[in-house]
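# Summary of the model geometry
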Amino acid sequence: MEQTNIKKTSEKMNRIFLIGFMCSGKTIIGGLIGLGIIITVLVVLRMPKISSTRHSDDKNIENEIIKPGEFHGNELDKKMNCTFENVDLFEINSLSKCDLSREIAMGVEVNFSFKESRRGKSRRFSFQVLLMSKRKILDEIIRRNPGYYWKEKNGVINIRPLQTDNNSKTVSPLDMTIPRFEVHQIPPYFALEYLRQLAWKHNIPITTGSYEVAIQIGGKLPDSSGKLKHPEHYDAEQLIDVIIPHKVSIRDCLNAIVLANPPANWNAIKWKDGKTALFLHSFQRKYSHRKH
């Protein structure tokens, strides 16, 4: 179907860009321009709710309404084959040969910069497993990345750095809070941009890859209004609702967005000017026919 083909095309383009950008010695502006081309294509094509490191907690999301997608849990004891070849934590959802990101609702925060990752200066790892549970694969990833841990919260796996103290200078922007977060019937990517806008209003140093691309190439800024002018142009399964009517961290908002349209994942990496950049990938398997 039309929307399915568009989705597959965008995923391939995004993967090609990341591979070329991460592995090349080109400037960040050149890479951003490449990503800008992808975003432009998506707009033209009208592309269009959270472990010991492994125990699930907060299974009931108090005062939070999430529209679920066609995803039936992470199934961490389910076995799968997996290959990671010279990747870092930022790349495991986009450049690895493992389908872990398509099988697990996940969020990954790293403590290194985009520049370090691109130049291969971040901690990199490789391993291959046959018929290993997702739980053990996550454990193995952490074993090869000291200083990180994983946990499951509200059905989303989070990989994040260990916090050494409570000094405000070391607190992640993802753990800073906004008064509430609420979106209705918009694509996940629009929800991410709205989250960026709310973070800025509360002096939280968050940005997104799409916003940074637009700034670099002088293009149209992504819509951060949190509203969709013509939802009838999208399949209902492409649109999400997330309502968190109380103070909430940026991290929990990201988890809610991922959980609203799984399987999906988010990534957070250090950007320039002290910002943390957010990226979102959605792998929803089925779409209904587009409305007319």
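Notes on the structure in this doc start here. Just so it is clear, the model here is predicted, and its values are computed rather than measured. (Residues numbered from 1 in each chain as written. Predicted model: local features only at pLDDT ≥ 70, side-chain atom pairs only at ≥ 80, totals over all residues. Heavy atoms only, no water.)

### Some remarks on the state of the cysteines
Our working definition: What counts as a disulfide here is a pair of cysteine sulfur atoms lying within 2.5 Å. The numbering of helices and of strands both runs from the N terminus, where a helix is a DSSP run of H or I of at least 4 residues and a strand a run of E of at least 2. Only protein chains enter the accessibility calculation, which uses a 1.4 Å probe; a residue whose area is less than 20% of its type maximum is buried, one above 50% is exposed, and one in between is partly exposed.
Counting across every chain of the model gives one disulfide. Here Cys82 is linked by a disulfide to Cys98, with a sulfur-sulfur distance of 1.8 Å. An S-S torsion of about -115 degrees defines the bridge between Cys82 and Cys98 as left-handed. Linking Cys82 in strand β3 (residues 79–87) with Cys98 in the loop between β3 and α3 (100–103), this pair joins segments that are 16 residues apart in sequence. Accessibility assignment for this pair places Cys82 and Cys98 in one class, buried.

### Thoughts on helix α6 (residues 188–201)
Let me state the cut-off plainly: Expected helix span is taken as 1.5 Å per residue step, with the number of steps being one fewer than the number of residues.
The terminal C-alpha atoms of α6 lie 20 Å apart, and with 14 residues this matches the ideal 20 Å at 1.5 Å per residue to within 8%. Where α6 is concerned, the buried positions are Pro188, Phe190, Ala191, Leu192, Glu193, Tyr194, Leu195, Arg196, Leu198 and Ala199. Backbone geometry just downstream of α6 places Asn203 in the positive-phi region, at approximately 60 degrees.

### Points about the environment of Ser282
Defined as follows: Identification of polar contacts relies on pairs of N or O atoms within 3.5 Å, with a donor-acceptor requirement for protein atoms, meaning one able to donate a hydrogen and the other able to accept it, and with residues adjacent in sequence counted only if both atoms are side-chain atoms.
Tracing the backbone shows Ser282 in strand β14 (residues 276–282). With 94 residues separating them along the chain, Ser282 and Pro188 place their C-alpha atoms 8.1 Å apart. At 2.7 Å, the side chain of Ser282 and the side chain of Asn261 are in polar contact.

### Some words on the packing of aromatic side chains
Filter applied, for reference: Any pair of Phe, Tyr and Trp rings, taking the six-membered ring for Trp, is counted once the centres come within 6.5 Å. Such a pair is stacked with planes under 30 degrees apart, edge-to-face with planes over 60 apart, and tilted for the rest.
Considering all chains together, one arrives at ten aromatic pairs under this definition. Pairing Phe84 with Phe127 gives two aromatic rings, centres 5.1 Å apart and planes at 50 degrees, and the pair type is tilted. With Phe84 in strand β3 and Phe127 in strand β5 (residues 125–133), the pair connects residues that are 43 residues apart, well separated along the chain. For the pair shown, Phe84 and Phe127 are each scored as buried. Here the aromatic rings of Phe125 and Phe127 are separated by 6.2 Å at their centres, their planes lie at 20 degrees, and the arrangement is stacked. A residue is classified by how much of its surface remains accessible, and Phe125, at 4% relative accessible area, is buried. An aromatic cluster is built from Phe90, Phe114, Trp271 and Phe279, whose rings are joined through pairwise contacts.

Geometric values such as these leave the question of function open.
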